[in-house]
Amino acid sequence: MELSIASVNQTPDSERTSGLSREMPASVPEDGSDKSSSVEPRYDTYVPSVERSSSTEPEEDIARKATPAAAGKTLTTDTDDVDREIEHLEKQRDTLKKELEQAADDPQRQAELNRRLSHVEAELDLKNTDTYRRQYADYSGDLT
């Protein structure tokens, strides 16, 4: 006896429906005629939620959020120290490059300058970012 794959995966109707009873919805007449226009949908309907008003916050919080500058509360960010540090590293890098060009005849000196130059460039790549500037900036002022 040879079976096809489709016939293996199928079960007879009697096995699939055994133990199950089929009930007709109350809106369908018992004679079996189906009038789809009279049948109500059998799914949930969307009920919009009540909008939340911003009145749950105290009025003083709303006023403080709206005008922090009017109350004389400001925050100042100063990145001058970080900028100076980055400028110093850039000057140091330029100086090392010039010294490297001048030390063309001394391989030992070139190796030392290359090592220092790679260290300065790595430090410059690390520090010349917005993240580093924000992290090491000086903040002054009061927002509380």
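Criteria and thresholds
Residues numbered from 1 in each chain as written. Predicted model: local features only at pLDDT ≥ 70, side-chain atom pairs only at ≥ 80, totals over all residues. Heavy atoms only, no water. Helix = DSSP H or I, 4+ residues; strand = E, 2+ residues; numbered from the N terminus. Buried < 20%, exposed > 50% of the residue type's maximum accessible area, 1.4 Å probe, protein only. Contact = heavy atoms within 4.5 Å. Areas by Shrake-Rupley, 256 points an atom, 1.4 Å probe, with all protein chains shown as cover. Salt bridge = Lys/Arg side-chain N within 4 Å of Asp/Glu carboxyl O. Expected span 1.5 Å × (residues − 1). Phe/Tyr/Trp six-rings, centres within 6.5 Å; stacked < 30°, edge-to-face > 60°. Core = buried A, V, L, I, M, F, W, Y, C linked by side-chain atoms within 4.5 Å.

(A) Quick peek at the overall build of the protein. When you go through the protein residue by residue, the secondary structure sums to six helices and two strands. Across the protein, helices and strands are ordered from the amino to the carboxyl terminus as α-α-α-β-α-α-α-β. By the burial criterion, 10% of the 144 residues in the protein qualify as buried. Counting only contacts in the protein whose residues sit at least 6 apart along the sequence, the fraction spanning at least 24 positions is 67%. Working note: accessible area of the protein is about 12900 Å², and carbon and sulfur atoms make up 49% of it.

(B) Spotlight on the pattern of salt bridges. With the rule as written, the count across this model stands at seven salt bridges. Residue Arg-84 pairs with Asp-81 through a salt bridge whose shortest N-O separation is 2.8 Å. Linking Arg-84 with Asp-81, this pair stays in helix H4 (residues 80–102), spanning three residues, or about one helical turn. Overall, the relative accessible area of 41% leaves Asp-81 in the partly exposed class. Note that Lys-127 and Glu-85 form a salt bridge whose closest N and O atoms lie 2.4 Å from each other. Here the residue Lys-127 occupies a position in helix H5 (residues 107–127), and Glu-85 occupies one in helix H4, the gap between them amounting to 42 residues. Sharing partners across several salt bridges, the network here consists of Glu-85, Glu-123 and Lys-127.

(C) The environment of Thr-74, seen in detail. Inspection of the secondary structure assignment puts Thr-74 in the loop between helix H3 (59–66) and strand S1 (75–78). For Thr-74, a relative accessible area of 44% corresponds to the partly exposed category. When the C-alpha atoms of Thr-74 and Ser-140 are compared, they prove to be 8.4 Å apart, with 66 residues separating the residues in sequence.

(D) Broad picture of H4. If you check H4, its first and last C-alpha atoms are 33 Å apart, about what 23 residues at 1.5 Å a residue would give, namely 33 Å. Packing partners of the buried residues in H4 comprise H5 and helix H6 (130–135).

(E) Representation of the environment of Gln-92 within the structure. Relative to the elements of secondary structure, Gln-92 occurs in helix H4. What makes Gln-92 partly exposed here is its relative accessible area of 30%.

(F) Local environment of the packing of aromatic side chains. Under the defined criterion, the tally for this structure stands at one aromatic pair. Judged by centre distance (4.5 Å) and plane angle (40°), the rings of Tyr-132 and Tyr-136 are tilted. Since its relative accessible area comes to 12%, Tyr-132 is described here as buried. Among the residues examined, Tyr-136 registers a relative accessible area of 46% and is labelled partly exposed.

(G) Fine view of the nonpolar core. If you look at the biggest cluster of nonpolar residues, it comprises eleven residues: Val-82, Ile-86, Leu-89, Leu-96, Leu-100, Ala-103, Leu-113, Leu-117, Val-120, Leu-124 and Tyr-132. Going through the elements one at a time, H4 and H5 are the ones with two or more residues in this core. If one sorts the elements of this core by residue count, H4 sits on top with five residues. Residue contacts for Leu-96: discarding those within four places in its chain leaves Leu-113, Arg-116, Leu-117 and Val-120.

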